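Geometric and topological summary
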Amino acid sequence: MSPRTAEHITWHQSHHAVDGVMVHPSDGEAWKHFNSMYPHFSAESINVHLGLCTDGFNPFGSFAAPYSCWSVILTVYNLPLGMCMRPEFMFLSMVIPGPSSPGRNIDVCLCPLIDELT
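Below you will find a few notes about this structure. Because the structure is predicted, anything quoted here is derived from the model rather than measured.

**Focus: the environment of His16**
With respect to the element layout, His16 can be found in the loop between helix 2 (11-14) and helix 3 (29-37). Assessed through its relative accessible area of 72%, His16 is described here as exposed. The spatial distance from the C-alpha of His16 to the C-alpha of Ser26 is 9.8 Å, given a sequence separation of 10 residues.

This is how it looks when you write it as structure tokens:
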């Protein structure tokens, strides 16, 4: 991480949210719940909060043989909103190929990624 980016990594700690208005993931209930469940982790503002996003598509078009690809993208949520959604801070961590969507079994596909992050 560059020094210019590193100075923004603790932004979420000093960000002042307006009650009832969510402009960043750190304003949400899930973030607050996570902080209450893991106070030791949230005490260090440099610890990285990651968002995991996934979406599927048919690479051969809708009229081709049934096939799907699911991309799994990690996003750094510590950064200010204008930075955390930029492509340079979104990381394609894996692609899940298959004849159809992984559905409820996606957790099996994500296990190696979770193990690596842990």
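Alright, that's what it looks like, and here's the rest.
**A short note on helix 6 (residues 106-117)**
Residues that lie three or four places apart on an α-helix share one face, since the helix turns once every 3.6 residues. With 12 residues, helix 6 extends 17 Å between its outermost C-alpha atoms, agreeing within 8% with the 16 Å of an ideal straight helix rising 1.5 Å per residue. Of the residues making up helix 6, those classed as buried are Ile106, Leu110 and Leu113. Along helix 6, the residues classed as buried sweep out an arc of 50° about the axis, all on the same side. Across from the buried face of helix 6, at angles greater than 90 degrees, the exposed residues are Val108, Pro112 and Asp115. Looking at the buried positions of helix 6, the neighbouring elements they touch are strand 1 (50-57), strand 2 (68-76) and strand 3 (90-98).

**Some words on the side chain of Ser71**
Take Ser71: it is sitting in strand 2. The contacts of Ser71, once residues within four sequence positions are left out, are Cys53, Thr54, Asp55, Leu92 and Met94.

**Remarks on the layout of surface pockets**
Within this model, the largest pocket holds a volume of roughly 590 Å³. Around the largest pocket, the lining is made up of 21 residues, and of these Phe34, Val48, His49, Leu50 and Gly51 lie nearest the centre. Every element with two or more residues in the lining of the largest pocket is listed here: helix 3, strand 1 and helix 6. No other element matches the 6 residues that helix 3 contributes to the lining of the largest pocket. Considered as a void within the structure, the second largest pocket measures approximately 150 Å³ in volume. In terms of lining, the second largest pocket is formed by His12, Gln13, His15, Ala17, Ser26, Asp27, Trp31, Lys32, Asn35 and Ser42. At the level of secondary structure, the elements contributing two or more residues to the lining of the second largest pocket comprise helix 2 and helix 3. A breakdown of the residues in the lining of the second largest pocket according to their chemical character gives 2 nonpolar, 6 polar and 2 charged.

**Notes on the packing of aromatic side chains**
Tallying each qualifying case throughout the model produces 2 aromatic pairs. Ring centres 4.9 Å apart and planes at 40° place the aromatic pair Phe34 and Tyr38 in the tilted group. Phe34 gets classed as partly exposed once you look at its relative accessible area, which sits at 31%. Judged by its relative accessible area of 46%, Tyr38 falls in the partly exposed class. Plain terms: the ring middles of Phe34 and Phe41 are 5.6 Å apart, the flat faces sit at 90° to each other, and that makes the pair edge-to-face. Among the aromatic side chains, those forming a connected cluster through ring pairs are Phe34, Tyr38 and Phe41.

Calculation rules
Starting afresh in each chain, residues are numbered from 1 along the sequence in its written order. In view of the model being predicted, local features appear only for residues whose pLDDT reaches at least 70, and side-chain atom pairs are presented and counted only at 80 or more, with totals across whole chains, interfaces and linings using the full set of residues. Only hydrogens and water are set aside when side-chain values are computed; all heavy atoms of the structure are taken into account. Going along the chain from the N terminus, every DSSP run of H or I of four or more residues is numbered as a helix, and every run of E of two or more is numbered as a strand. Only protein chains enter the accessibility calculation, which uses a 1.4 Å probe. A residue is then buried if its area is under 20% of the maximum for its type, exposed if over 50%, and partly exposed in between. Between the first and last residue of a helix there are one fewer steps than residues, each counted as 1.5 Å, and that sum is the expected span. The directions considered for the arc run from the helix axis to the C-beta atoms. In this analysis, two residues are considered to be in contact whenever any of their non-hydrogen atoms come within 4.5 Å of each other. Cavity means a closed set of points on a 1 Å grid over the protein atoms alone, one where a 1.4 Å probe fits but cannot get out, pocket means an open set with protein on both sides within 12 Å along at least 5 of 7 lines, and lining means a residue has an atom within 4 Å of a point. Grid points are joined across faces, edges and corners, and a volume is the space filled by probe spheres set on the points. Polar here means any residue other than Ala, Val, Leu, Ile, Met, Phe, Trp, Tyr, Cys and Pro, which are nonpolar, and Asp, Glu, Lys and Arg, which are charged; Gly is therefore polar. Working definition: a ring pair exists when centres of Phe, Tyr or Trp rings (six-membered ring for Trp) sit within 6.5 Å. Plane angles under 30 degrees give stacked, over 60 give edge-to-face, the rest tilted.

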